[in-house]
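# Commentary on secondary and tertiary structure
So you can see what is in the structure, the chains are spelled out below.
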Amino acid sequence: MNAPNPILDVWCELQCPDCRAALDDVRALRERYGDRLELRLRHFPLEKHKHSFAGAQAAEEAFAQGKGWPYVEAVLGRVEEFDRAGEPFLVEVARELGLDAEEFDTALVDGRHILIVDADQAEGKAIGVTGTPTYVIGGDRLDGGKSQEGLRERVEEIADQLLAAG
């Protein structure tokens, strides 16, 4: 029986400029490892960003509709626009990606993803996440909020060790 693939949790917030800076690293990791490394978006909305909670719920709806990472990348790529426009921007990006925008709008109103976001945030706090982006892999927590420098290399080092051990 094969060992499960290693998991990389990326604690992120869609209104965070530092998370946008981390996009290249996340893309590179997804390309390098493909299915061999499970990349999971974890939500850590920061109170200083008033739309971050809605952004987290929107990301969950995008995953539910099958385009989670493309959605996350699209919103993070236009973080200033999200900052200014708020929730209508989230629905607009969904429409641009061919997702069901009405369903997005409804999901933001009915709060169907709030429990997931709350649970992520609580877990993040419990394991010592204080800002975004933060990576957790193989029990190691790597804080990217201060600097992205060398982080991808460190994640790859740990992932390679876990894959070799698996």
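Residues numbered from 1 in each chain as written. Predicted model: local features only at pLDDT ≥ 70, side-chain atom pairs only at ≥ 80, totals over all residues. Heavy atoms only, no water.

### Digging into the sheet that holds strand β2 (residues 38–43)
Rules: Each pair of strands is called paired provided DSSP finds at least two bridges between the two strands. Secondary structure elements follow DSSP: runs of H or I of four or more residues count as helices, runs of E of two or more count as strands, with numbering from the N terminus. Lines fitted to C-alpha atoms define the axes, with helix axes restricted to the stretch in contact, and inter-axis angles between N-to-C directions lie between 0 and 180 degrees.
Spatial strand order, β2-β1-β3-β4: four strands in an open sheet with mixed pairing. Both outer strands of the open sheet, β2 and β4 (140–143), are each paired with one neighbouring strand and no more. Ignoring strand direction, the axes of neighbouring strands in this sheet form an average angle of 20°. Two strands pair when backbone bridges link them, and strand β1 (residues 7–12) and strand β3 (residues 134–137) are joined in this way by four bridges, in the antiparallel orientation.

### Focus on the packing of helix α1 (residues 17–33) against helix α8 (residues 151–165)
This is how it is decided: Any angle that is under 35 degrees is reported as roughly parallel, and any over 145 degrees as roughly antiparallel; angles of 65 to 115 degrees are reported as roughly perpendicular and all others as oblique. Handedness of a crossing follows from how the near helix is turned relative to the far one, being left-handed for an anticlockwise turn of less than a right angle and right-handed for a clockwise one. Two residues qualify as a contact provided that any one of their heavy atoms is within 4.5 Å of a heavy atom in the partner residue. Ten residue types, Ala, Val, Leu, Ile, Met, Phe, Trp, Tyr, Cys and Pro, are classed as nonpolar, four, Asp, Glu, Lys and Arg, as charged, and the remainder, Gly among them, as polar.
Contact geometry of α1 with α8 gives a least axis separation of 11 Å together with a crossing angle of 25°. Compared by their axis directions, α1 and α8 come out roughly parallel. Between α1 and α8 lies a crossing whose hand is right-handed. Residues Asp24, Asp25, Ala28, Leu29, Arg32 and Tyr33 of α1 touch α8, and the partners they reach there are Arg152, Val155, Glu156, Ala159, Asp160 and Leu163. Along the lines of polarity and charge, the residues of the contact of α1 with α8 split into six nonpolar, no polar and six charged.

### A look at the packing of helix α3 (residues 68–76) against helix α5 (residues 87–96)
Contact pair α3 / α5: the axes reach a minimum separation of 10 Å and the direction vectors enclose 130°. As far as their axial angle goes, α5 and α3 are oblique. For the pair α3 and α5, the crossing hand works out as right-handed. Counting all contacts with α3, which are made through Tyr71, Ala74 and Val75, the residues of α5 involved are Phe89, Leu90, Val93 and Ala94. In the contact of α3 with α5, the residues fall into seven nonpolar, no polar and no charged.

### Topic: unusual backbone geometry
Phi is mostly negative for residues that are not glycine, and the peptide bonds are mostly trans. In this structure, Pro133 follows Thr132 across a cis peptide bond, with omega equal to -5°. Tracing the chain through its elements places Pro133 in the loop between α7 (114–126) and β3.

### Focus on the packing of aromatic side chains
As a reminder, the rule being used: By convention, a stacked pair of Phe, Tyr or Trp rings (six-membered ring in the case of Trp) has centres within 6.5 Å and planes under 30 degrees apart, an edge-to-face pair has planes over 60 apart, and any other such pair is tilted. Three exposure classes are used, based on accessible area relative to the maximum for each residue type with a 1.4 Å probe and protein chains only: buried under 20%, partly exposed in between, and exposed over 50%.
Here the structure, examined in full by the defined rule, presents three aromatic pairs. The interplanar angle of 40° and the centroid separation of 5.1 Å between the aromatic rings of Tyr71 and Phe104 together place this pair among those described as tilted. Here the residue Tyr71 occupies a position in helix α3, and Phe104 occupies one in helix α6 (residues 101–110), the gap between them amounting to 33 residues. Using a relative accessible area of 0% as the deciding quantity, one classes Phe104 as buried. Where Phe82 meets Phe89, the ring centres are 5.9 Å apart and the plane angle is 25°; that geometry is what we call stacked.

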